[in-house]
Amino acid sequence: MIPSAFDYERATSVDDAVARLAAAGGAGKLIAGGHSLVPLMKLRLNEPGTLIDIARIPELAGVREVDGAIEIGAGTVHHAVATSDLLRARCPVVAETAATIGDPQVRNRGTLGGSIAHADPAADYPATLLALDAEVRIQGPRGARTVAARDFFQDLFTVDLAGDELITAVRFAPVRTAAYAKLYQRASRFAIVGVAAALDVAGGTVRSARLGLTGALSHAVRLTAVEEALAGRPADADSVAAEAARAGDGLSDLNADIHAGADYRRAMVGVFAQRALRAALARG
Amino acid sequence: MSAAPVLPKLVGERVKRREDPRLVQGHGTYVDDVKIFGLRHAAFKRSDVAHGRIRSIDTGAAEAMDGVEAVFTGTQIAEFLDPMPIGTPFPSPEHRAVATDVVRYVGEPVAVVVAADRYTARDAADAIVVDYETRPAVVNPEVAMTGHPTVIHADFDNNLAVPLVPSGTGVSPDGKTVDDSVVDKAFADADVVVSQRMVNQRLAPTAMEPRGVVAHYERGKGTMTVWSSTQNPHILRTFVAKLNGMGEDEVRAIAPEVGGGFGAKINIYGEEYVVSALSKRLGLPLKWTEDRSEAFLATIHGRDIIGYVDIAATRAGKVLGLKLRLIADVGAYNMLLTAAIPTLTMLMANATYDIPAIRTTLTEVFTNKTPTDAYRGAGRPEATYFVERGMDMLARRLDMDPAELRRRNFIPADRFPYKTQMGAVYDSGDYAKALDRALGNAGWQELQRERDAARAEGRLVGLGLAMYVEVCGLGPSASLPTGGWEHSQVTVERDGRISATTGASPHGQGNETTFAQMLADQFGVPFEHVRIHHGDTGVVKQGIGTFGSRSQAVGGTALHLAGAKVREKMAKFAAALLEAHEEDLVFEDGRISVQGSPDTGKSFAEVAAYAYVPVPLPAGLSPGLSEEAFFEPANNTYPFGCHISMVEIDRDTGELALLRLVAVDDAGNLINPLIVEGQIHGGLAQGIGQAMIEEVRYGGDGQPLTGSFMDYAIPRAADLPRFELDATVTPTPVNPLGAKGVGEAGTLGSTPCIVSAAVDALSGFGVTHVDMMLRPEKLWQIIHGGQA
Ligand SMILES: Cc1cc2nc3c(=O)[nH]c(=O)nc-3n(C[C@H](O)[C@H](O)[C@H](O)COP(=O)(O)OP(=O)(O)OC[C@H]3O[C@@H](n4cnc5c(N)ncnc54)[C@H](O)[C@@H]3O)c2cc1C
């Protein structure tokens, strides 16, 4: 519970943060809310030389509309996302996801950027960003780039982000008919299984569906088999749910730990896919 | 006419805790807040293997670090510190505060660093390199009992800490002769026998404030002050003095604010001995603060008992006999009270029932896990769980209402004092009354209809009920090696304010409030004029401490008796001043006056002032108003109650939701019902936590799997329903207050009643018992046909 010694700097802007990261070489580490990083430091599983604090960079915080899309700054804390009027009106699934994270202390410090950079296999946001086909906006010494969420989450705690880069925002086209459903791990409140579903419904038919899954595998993934099965189906809750009941069947290498074994997780993927889909349709 | 306000009588009132404003505003002083000029910091290097021999320890890198003053290995410490004392009469293996040779659980200290600051101390501990020759570890007590794959302590064959001890019907008091005939006959005569192996799983006490100790040996004076987050500073003083070769007059122990103990801070820990010994040796003030990761490994765990339960009964539901075979996993060592805790499970096997034949046996087993000791309820929740789950199974087998089965077996209210088969003498009780009240408050029959209606819709709703009786107010000295009394001194100061001390050192019980209520009433003075001092052996002359729900029943009585002595003396001073008879005087509204003529009186402060400047000094009186009392009860108290719960299990996920919890608790007379309810709320939360979400887990290699709050769940407010509380009042004859004690009660009934409700909800799947905790996956497997 006592971290090893480190230096601390506060960045004032995105460019300043990128410059400081570069200057620190491999020893630099960004800190935003600190709610993933500091526990690791206290356990001495992570011993950064220099912490570069990006929590107070104004341009990183906030939820805004840009060209019909919604953009959330990487430094926006979970509580701000959970209570955003814009999100609640246009894309409630994101606010709903944020509201399930941890407890009030965590939600008032932890940030969207920190969550997806860390990419805990049980983190909530990744499922929802996948279901929304969001893009992750990144700034680095080589300039700005954009990565689709489905390419961003690569493996256990592994994302498409270089050590000298910084996530600035995520951006997505808002979807009203989308919802997130989660089985809570009772100690940490992370997801044992979490499924986000986003539907494009027209004329009583599901034109397309996107489902993001977290908690079950080494990293968040899209449930493409379910998505394909749903396309073109009638948009009534029971037939949609029926398609999703076996959503876990095709998965391999499921996580297993003291909280839940692999078979149980597999079954829960189906249960929570159904719950997310029903709730999404109910928003239609 | 005097204009003095009429003071309310406070005993029995819902007075808000006067401790809370300072605590919730961050103004409390805890051990870690203690700062002394020149303070150094200690950090412990702990074993990361569950079982192994220390081949070598390299402290070179640590010693070379800037700011490190000293590093001691276990072998070096053993040169000046004796093995840890044990507070029970059971044979115990030698236990060094810092391991010298073999480590036996993950978290056992192997070296200690003293440094200028906490960070350096921690860095240096990390820099110590220990080379272990690892040995096989054993974590399952029923495997450990075979002596394979390892023997943890050389002199304890088959890892038996306590080889089979019988108790109950037909066992002589010394345990040497055992006559099974009565118990055998009960089982032979029975129409039905229910049998079940049950596990009462291991829990981590997780007080909000971890442990901590500051020791300050002052060379010039040859005295030591020890601040520690402890439940019993006087016992701490005794043991710290003993291990440091000092007199009790030379050691002062202080428990400042203590942020929860739950029994885990009764034990005197190795860190307390080491930090005090190093302070003395180095002549420096020294601090150690446990961090949360350490707390999960190095603070004692609770429970961890397997019970094999057999209940024999007639078809009509009369219980003829009970067998309870207990196997307690005590972890790697005996701590202060470890070996005694499971004996309390045996002691309470009679529960609330008139069971004529009982055989209990107890075996205690060493494993490569953190040692166990007292945790809230300490042995009694385990007994309650085994018997009440067994009764529930019997009711189910007989197809009888679980309430009706209880009623048919209760010890009748007119049979108290009641001597049990286990040798306990229950002081007073009216179990049917508590049951009826709970059934009424819950609307039992209506609930049963609701449950049946929900089931008809396919919902998995269940009801559970449990009775409990516990042993509290510990207890005569014959039952406690520390002494079973409590002490108090009450002083009316010169200005008429009242200072009182209590040896029952609180850590959340609210004694500063309840004890002030009592004295305010006893002396007829404002509550604000009474202050209760505790937790400092320099201020509180004597004491035992707070555990076993004893502070009100034993500590409160000592206070009451001391107060009565002072009042008697003060009445004599007042009688002299007023030229009245002392027996005619009343203490009311801040005045002492003649009964029936309130104008003939003096203010309380005037009489106090006279007692300190007694001119003239009344014949036969000495100056001053300060008296002390020791109180030793003749017996324990036996509070009881009934808890009822309603649960619903999610068919798809196996998640269990607690819909209702109705509790009726009888703790005898209540000084402050608000504080009593607070104690019950906390106890219920921990009992519910055990049923639903709490469990310390180890891998087969002895590595802990629940080393942080990310994996060890404790209940949050949102996990709990609104508690529906009520009380019946059956005073105890054991003390003049009629108060029994309530600190642990909540943990007793809640746990079995929730498990029974879950079994009820799952009864359609052929289930008769489910072990705790009620993990969703486990329940889901039952529902979906897998293995439980
Ligand atoms: C008790 C507790 C419960 C929790 N429960 C949940 C839960 O239920 N669900 C859930 O999803 N999460 C949960 N979390 C994790 C929480 O959401 C974290 O806040 C989040 O994962 C990390 O965000 P942060 O801002 O705190 O990041 P930090 O801890 O500051 O940083 C985490 C990592 O991200 C990097 N980083 C931070 N910001 C950026 C950026 N803009 N660009 C690039 N890299 C960056 C850091 O360098 C570091 O490697 C919980 C945490 C705790 C302590």
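The coordinates are above.
Here the residue numbering is sequential within each chain, running from 1 through the sequence in written order. As a convention, the first chain written is A and the first ligand written is 1, with the rest following in written order. Only residues with pLDDT of 70 or above have their local features reported here, since the model is predicted, and side-chain atom pairs are shown and tallied only from 80 upward, although totals for entire chains, interfaces and linings are computed over all residues. Heavy atoms from the whole structure form the basis of all side-chain values; hydrogens and water molecules are not counted.

Asker: Residue-level account of the interface of chain B and chain A, with values.
Answerer: Every residue pair with non-hydrogen atoms within 4.5 Å of one another is taken to be in contact. Taken together, the contact pairs 29 residues of chain B with 26 residues of chain A. Buried area: the accessible area, evaluated with a 1.4 Å probe, that two parts lose upon being put together, summed over both parts. Overall, the association of chain B and chain A removes approximately 2300 Å² of surface from exposure, summing both partners, and the carbon and sulfur fraction of that is 54%. For salt bridges, the criterion is a side-chain nitrogen of Lys or Arg within 4 Å of an Asp or Glu carboxyl oxygen. If you look at where chain B meets chain A, you find five salt bridges. A salt bridge links A:Arg186 to B:Asp719; its shortest N-O distance comes to 3.3 Å. N or O atoms within 3.5 Å of each other form a polar contact, as long as, within protein, one can give a hydrogen and the other can take it, and as long as residues adjacent in sequence are counted only when both atoms are side-chain atoms. Summed over the shared surface of chain B and chain A, the result is 12 residue pairs in polar contact (both at pLDDT 80 or more).

Asker: Which residues make up the site of the ligand, and what are the values?
Answerer: Inspection of the region around the ligand gives 33 residues, with A:Leu30, A:Gly34, A:Leu37, A:Thr111 and A:Asp124 positioned closest. This site is not confined to one chain, since residues near the ligand come from chains A and B. At a separation of 2.7 Å, an oxygen atom of the ligand approaches a polar backbone atom of A:Ala32. The side chain of A:Ser36 places a nitrogen or oxygen atom 2.8 Å from an oxygen atom of the ligand. Protein contact buries 93% of the 970 Å² of open area that the ligand shows by itself. Secondary structure elements are taken from DSSP: a helix is a run of H or I of four residues or more, a strand is a run of E of two residues or more, and numbering for both begins at the N terminus. Of all the elements, helix α7 (residues 112-118) of chain A adds the most residues to the shell around the ligand, at five residues. Residues are labelled near a given molecule or strand when at least one of their non-hydrogen atoms is within 4 Å of it. Accessibility throughout is a Shrake-Rupley quantity obtained with a 1.4 Å probe, and a residue counts as covered only by protein chains that appear here.

Asker: Explain the environment of B:Val192 to me, and be specific about the residues and the numbers.
Answerer: Residues and elements named next belong to chain B. Within the element layout of this structure, Val192 appears in strand β8 (residues 192-203). Distance from Val192 to Ala432, taken between C-alpha atoms, is 24 Å for residues 240 residues apart in sequence. Residues in contact with Val192, not counting those within four places in the same chain, are Ile311, Ala312, Ala313, Thr314, Leu394, Arg397 and Leu398.

Asker: So, the pattern of salt bridges: which residues are in play, and what are the values?
Answerer: Residue and element names in this part refer to chain B. Scanning the entire structure with this criterion turns up 74 salt bridges over all chains. A salt bridge links Glu744 to Arg380; the nearest nitrogen and oxygen atoms lie 2.6 Å apart. With Glu744 in the loop between β28 (723-727) and α19 (746-761) and Arg380 in helix α11 (residues 380-398), this pair connects stretches of sequence that are 364 residues apart. Type-normalised accessible area, obtained with a 1.4 Å probe on protein chains alone, sets the label of each residue: buried when under 20%, exposed when over 50%, and partly exposed for intermediate values. On the basis of relative accessibility, which here comes to 1%, the residue Arg380 falls in the buried class. Taking the shortest distance from any N to any O, the salt bridge between Asp427 and Lys740 comes out at 3.5 Å. Residue Asp427 is found in the loop between β17 (425-426) and α13 (431-442), and its partner Lys740 is found in the loop between β28 and α19; the two are separated by 313 residues along the sequence. Residue classification places Lys740 among the buried residues on the basis of a relative accessible area of 0%.

Asker: For empty space enclosed by the protein, give the residues involved together with the corresponding values.
Answerer: A pocket here means an open set of points on a 1 Å grid, computed over the protein atoms alone, that has protein on both sides within 12 Å along at least five of seven lines. A cavity is instead a set of points where a 1.4 Å probe fits but cannot get out; residues with an atom within 4 Å of a point line either one. Grid points are joined across faces, edges and corners, and a volume is the space filled by probe spheres set on the points. By the definition in use, this model includes nine cavities of 30 Å³ or more. Of the pockets and cavities examined, the largest cavity occupies roughly 250 Å³. If you go around the largest cavity, you meet 25 residues; those closest to its centre are A:Arg186, A:His259, B:Met773, B:Arg775 and B:Pro776. Where the lining of the largest cavity is concerned, the elements lending two or more residues are β11 (178-184) of chain A together with α20 (776-783) of chain B. For this classification, the nonpolar set comprises Ala, Val, Leu, Ile, Met, Phe, Trp, Tyr, Cys and Pro, the charged set comprises Asp, Glu, Lys and Arg, and every other residue, Gly included, is treated as polar. Here the residues of the lining of the largest cavity are counted per class, giving 14 nonpolar, four polar and seven charged.

Asker: Provide a residue-level description of the sheet that holds strand β21 (residues 530-534) of chain B, including the pertinent values.
Answerer: The strands making up a sheet are joined through hydrogen bonds of the backbone, oriented either antiparallel or parallel. Residue and element names in this part refer to chain B. If you walk across this open sheet you meet the four strands as β21-β20-β19-β25, and the pairing is mixed. The sheet terminates laterally at β21 and β25 (626-631), the two strands that pair on one side only. Each adjacent strand pair in this sheet contributes to an overall mean axis angle of 20 degrees, direction not counted. Looking at chain direction, strand β19 (residues 486-492) and strand β20 (residues 498-502) are connected through five bridges and run antiparallel. By the bridge assignment for β20, Ser488 is matched with Thr502. Angular values range over 0 to 180 degrees, each being the angle between N-to-C directions of two axes fitted as lines to C-alpha atoms, with helices fitted over their stretch in contact. The sheet contacts of helix α15 (residues 511-523) involve β19, β20 and β21, and relative to β21 the element is tilted by about 135 degrees. Strands are treated as partners if at least two bridges between them are detected by DSSP.

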